[in-house]
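Chains, contacts and geometry: an overview
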Amino acid sequence: MPVNHSHNTANALEVRGIGKRFGGFWAVQDIDLTVRPGERRAILGPNGAGKTSLFNVLTGDTSATTGQITLFGDSVTREPINKRIQRGLRRTYQHAHLFNGLTVRDTLFLAVAGLRGSWRQVMPLRASDARLAEAERLAEVAGVADVLDRETSELSHGQRRQLEIGIALAEDPKILLLDEPAAGLSPAERPKLSALLKSLPEDVTVVLIEHDMDIALQTSESVSVLYNGRLLAEGSPDEIMRNEDVHRVYIGGAHGH
Amino acid sequence: MKQAFILIPLLILPFVLNDFWLTQVATRSLILGIMALSLSFLATYLGVVSFAQATMAGIAGYTIAFFGPNTVGIGVPLPFWVSIPLALVLATVSGALVGLIARRSRGIYAIMITLAIGVAFFYFTRQNYTFFNGWTGFSGVRAPEIAGLSLRDPLPLYLLSLGMAALALALVSGFVRSPLGLTIQAVRDAPGRVLALGVSITTPIVAAFAFSGLLAGAGGILNVWYQERISSFSVGLGPIIDILIISVIGGLRHPGGAFVGAVVFVLLDTFAVDLIDRERFNTLIGVVLLLIVIVAPGGLQQLASDWMARLRRPEVKEKSTVRANS
Ligand SMILES: Nc1ncnc2c1ncn2[C@@H]1O[C@H](COP(=O)(O)OP(=O)(O)OP(=O)(O)O)[C@@H](O)[C@H]1O
Ligand SMILES: [Mg+2]
């Protein structure tokens, strides 16, 4: 699916009235979001606020119960996930979700070949394949170059999360949805992640779910706060810090519940 | 190319074995092994157990019978260099169709759907006389003569089966290292995640089934030459279960296991009948299957390689101490 370049002025992501219901329970309700191209947005909220459910609806991992989603001006509400990915949308999963029988190298290779539309080839891979070189570069960037030939089932928790990021960075992402990428990383790995996020090209839009308020406020220019599936507040990190609602329900709630 | 060394004893085999052993045991094992490989491939790399492999093999076999010499006077004789590729194409297409029908099913549901396809084909062959000659099917099917060499003779048929088995294994090991083969394995591990790579999952599933149809078809062609006949019984529950049993005995972790399973199955099938009566054979094979599932869920091939690894380990240690001393 070619990416539509005629919408340079359009917002990277526009969400209107998104809701997701599981049985009788609304995990996400009535969410409006507008994210500019190149914006760094944090999504903040306590456990169970609906952050991951919102991502699942944005990518198409699950379908929206209500509402509309627009990527760079094109409505994608009815599109399957693979089409949205081909438009430049990428995500990482909070609970790494990988191919246990494949090596890190093969996994990253598939991320590249999948997006280049060249995964249908039936001849054995050659070591000189350019896509393998690209897979190695991604492994380098994501910090998993030392375990390239390990099966992903043998990776540590932190390595699995880094591999998730490597996959998401394949083939020029336009919007990155990162679901708590720092969770489970060792103290030594965290600064590397921050550096990696800062090194992303400026035109890449990043929406980052972060549990940790400090990290969220430091790494982003705007923040949306979710609470009980609804949007509670939105604004610059400063505004969010001063917001009384946020203080009352989020900071209080994080300790209280 | 370590595997190629296994070919050497297999090439010497015809000089050691008499015709009975060569044909009834060796050639038959190779042919059943190729059919079982089509199932092992699907189970190992797509994670789907299919009961329709005998159907795909049967479609190739019926094509050879219908478009070749037979003694029932049905069909259109074509030269073998047309009927053989046609049989392979039809088997591959039938595999793709089964994959298309079963693409959303996994586990027990895939088994049920493919079993339903297999059984439906079995009844269809019994009722259709135009193409399948009903219940009786085809007899007098003859393997072709190529350059004066009749493929009906024990040695040429053995060598051909051996060559096809080696080719099938080589194809499998090459295919699973291709981008499509890797995608098939990714679908096995996490189909939702494959979609999240921007890749559809229908194509890899259908392709895996089509490839398994090609393998089954190759086995089905050899089988109809070997048996010289084909009928509804060749695609019934019996062969469906035999293929499954062979795959399970051999183990699903390595494609070569299918051939180990086939040898064990054929030896039991050939010689158990002398010791116990025909009726008890099913009991015997059932007990063997049960033992393997309990003692070695990875199959005999896995059991053997575990033992090999255990035997080898002390040897490796010795070598490394020698190196450290010198
Ligand atoms: N598939 C599902 N079926 C039913 N309920 C679900 C499902 N997925 C999520 N939920 C519920 O929706 C609510 C929001 O969950 P979600 O995972 O989106 O929260 P979150 O903000 O990501 O939380 P966390 O910070 O723990 O990751 C929770 O109450 C959860 O139990
Ligand atoms: Mg979450």
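Just above sits the structure.
Note on numbering: residues in each chain are counted from 1, in written sequence order. As a convention, the first chain written is A and the first ligand written is 1, with the rest following in written order. Only residues with pLDDT of 70 or above have their local features reported here, since the model is predicted, and side-chain atom pairs are shown and tallied only from 80 upward, although totals for entire chains, interfaces and linings are computed over all residues. To get the side-chain values, take all heavy atoms of the structure and skip hydrogens and water.

A look at helix H11 (residues 257–275) of chain B
All names here are of chain B. If you check H11, its first and last C-alpha atoms are 27 Å apart, about what 19 residues at 1.5 Å a residue would give, namely 27 Å. What is called the bend at a residue is the angle between a pair of axes, fitted to the seven residues leading up to and ending at it and to the seven starting from it. We count a stretch as a helix when DSSP gives it H or I for four or more residues in a row; a strand needs E for two or more, and each element gets its number in order from the N terminus. The largest bend along H11 reaches roughly 25° and is located at Asp269. Remark: exposure states derive from per-residue accessible area (1.4 Å probe, protein chains only) relative to the maximum for the residue type, with buried under 20%, exposed over 50%, and partly exposed in between. All of the buried residues along H11 are Gly257, Ala258, Phe259, Gly261, Ala262, Phe265, Val266, Asp269, Thr270 and Ala272. Take the number of residues in a helix, subtract one, and multiply by 1.5 Å to get its expected span.

Topic: the nonpolar core
If you look at the biggest cluster of nonpolar residues, it comprises 127 residues, and the most contacted ones within it are Phe41, Leu46 and Trp225 of chain B. The element contributing the most residues to this core is helix H2 (residues 19–46) of chain B, with 15 residues. Shared between two domains, this core holds at least three residues of each, these being domain 1 (8–88 + 173–257) and domain 2 (99–172) of chain A. When checking whether two residues touch, look at their non-hydrogen atoms; a contact exists if any pair is within 4.5 Å. Setting aside its immediate chain neighbours within four residues, Phe41 of chain B contacts Leu46, Val172, Phe175, Val176, Ala208, Phe211, Ser212 and Leu215 of chain B. Among the buried residues, those of types Ala, Val, Leu, Ile, Met, Phe, Trp, Tyr and Cys that are joined through side-chain atoms within 4.5 Å form a nonpolar core. Boundaries between domains were set according to an automatic or database domain assignment.

Some thoughts on the environment of Ile146 of chain B
Residues and elements named next belong to chain B. Locating Ile146 in the fold gives a position in strand S2 (residues 145–146). A relative accessible area of 39% means that Ile146 is categorised as partly exposed. Sequence separation between Ile146 and Phe80 is 66 residues; the distance between their C-alpha atoms is 9.4 Å. Those residues in contact with Ile146 that lie beyond four places of it in its chain are Phe80 and Leu151.

With respect to the pattern of salt bridges
Working definition: two side chains of opposite charge can pair if their charged atoms are close together. Any carboxyl oxygen of Asp or Glu that lies within 4 Å of a side-chain nitrogen of Lys or Arg is treated as forming a salt bridge with it. Considering all chains together, one arrives at 19 salt bridges over all chains under this definition. For Arg36 of chain A, the salt bridge identified is with Glu39 of chain A, shortest N-O distance 3.7 Å. For Glu39 of chain A, a relative accessible area of 4% gives the class buried. Linking Asp189 of chain B and Arg188 of chain B is a salt bridge whose minimum nitrogen-to-oxygen distance equals 2.9 Å. Bridged by salt links that share partners, the residues Arg36, Glu39, Arg41, Glu221 and Glu234 of chain A form one connected network.

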